[in-house]
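Residue-level structure breakdown
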Amino acid sequence: MNQNEWLKRAMERKQSGYIYQYYELEKCIKLSLEKGDIHLMRDVLNKYRISPLPDRMSKEEAVLNDRANAIRIIDTAIRIAIDHNVNSEKACSLGEIIIADISSVTNRNELIHYLDNAIQLFIRIIKEEEKHAYSLRVEKCIRYIQQHIFDELKVKDLAGRQQISPDYLSNLFYCETGINLSTFIHKQKIKEARLLFSYFSSYSINDVATMLSFKHVSHFSALFKKYTGLSPKEYKIKMNSASFENRGAVR
């Protein structure tokens, strides 16, 4: 395609109002993320779903535009998350996973459902970046754990980063938080696992255990059962069932 054809098609898109619609949509997405308002976010996505497609577009072009807009929405979510103190590596890595999955979606309704889950996830991780009234050492420890949740985390390594002994850090952490440091690490990893199972149902138990740096799936499963009351398999079944019921209710 030569330059004139590109310019012609760009003008057709502009005349259709499609570009303007997305600009307004992005402002609404930004607002819903900043407010952490899931209901507003769903209204925004519903508007995206029912927006008329440009008359001059073929079905293939429409699908490509849906994907492009979905990617723009995720890019917006990444920027807002980073602006709200979510670790940039975590936000970008999450965004890359979501965008890679979006590339394989061809059904418009499935894409909307996927975006709903993805943006809910971004809202949750933004909300979780709250301040704690802890000492600087404990605050740094918590922040590091949250930002490196997919890494193998050991008390001795966390202490070494602050050039203090593991026993000193463990005692300080327990005195200020009321929870054992090792237990806190495990709970944070299981919390992350629940998010992954809830929003990315295609991930297997082994996938999530590996992502969270568990050497043995059996250890991961035992901790998951301990802190949630359900095995990973039971939790996935529960989430899949709830997702199916919600989709039925929406229709």
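Thresholds, definitions, all that
- Residues numbered from 1 in each chain as written.
- Predicted model: local features only at pLDDT ≥ 70, side-chain atom pairs only at ≥ 80, totals over all residues.
- Heavy atoms only, no water.
- pLDDT = per-residue confidence, 0-100.
- Contact = heavy atoms within 4.5 Å.
- Helix = DSSP H or I, 4+ residues; strand = E, 2+ residues; numbered from the N terminus.
- Expected span 1.5 Å × (residues − 1).
- Buried < 20%, exposed > 50% of the residue type's maximum accessible area, 1.4 Å probe, protein only.
- Salt bridge = Lys/Arg side-chain N within 4 Å of Asp/Glu carboxyl O.
- Arc of directions from axis to C-beta.
- Core = buried A, V, L, I, M, F, W, Y, C linked by side-chain atoms within 4.5 Å.

So, the confidence of the model for the chain
Chain-level statistics for the chain give a pLDDT mean of 80 and a share of 78% at 70 or above. Segment residues 14-20: pLDDT under 50, and 12 contacts once partners within four positions in sequence are set aside and those in other chains are kept.

Thoughts on helix H6 (residues 108-127)
Two residues of an α-helix separated by three or four positions point the same way, owing to the 3.6 residues in each turn. For H6, built from 20 residues, the straight-helix expectation of 28 Å at 1.5 Å per residue is met to within 8% by its first-to-last C-alpha distance of 29 Å. Most of H6 sits inside the fold, with 14 of its 20 residues counted as buried.

Some remarks on the pattern of salt bridges
Taken as a whole, this structure holds four salt bridges when the rule is applied. In this structure, the salt-bridge partner of Lys90 is Glu192, at a minimum N-O distance of 3.5 Å. In this pair, Lys90 is assigned in helix H5 (residues 88-102) and Glu192 in helix H10 (residues 181-199), connecting sequence segments 102 residues apart. The same class applies to Lys90 as to Glu192, namely buried. Within this structure, Glu152, Lys154 and Lys215 form a network of salt bridges that share partners.

Some thoughts on helix H12 (residues 217-228)
Between its first and last C-alpha atoms H12 spans 16 Å; for 12 residues at 1.5 Å apiece the expected length is 16 Å, and the two agree. Looking only at H12, the buried set comprises Phe220, Leu223 and Phe224. Burial along H12 is one-sided: seen end-on, the buried residues are contained in an arc of 105 degrees. Turned more than 90 degrees from where H12 packs its buried face, Ser218 and Lys226 sit exposed. Within two residues after H12, Gly229 carries a phi angle of roughly 85 degrees, on the positive side.

Considering unusual backbone geometry
Phi is positive for Gln163, which is not a glycine, with a value near 55 degrees. With respect to the secondary-structure elements, Gln163 resides in the loop between helix H8 (155-161) and helix H9 (166-177). Residue class for Gln163 comes out exposed when judged on its relative accessible area of 75%. With phi around 65 degrees, Ser213 is a residue other than glycine that occupies positive phi space.

Remarks on the nonpolar core
Core analysis: the biggest nonpolar cluster contains 62 residues, and Phe122 and Phe220 have the highest contact counts within it. Considering every element that reaches this core, the biggest residue donor is H6, with 10 residues. Apart from the residues within four sequence positions on either side, Phe220 is in contact with Ile190, Ala193, Phe197, Ile205, Val208, Ala209, Leu212, Phe214 and Pro232.

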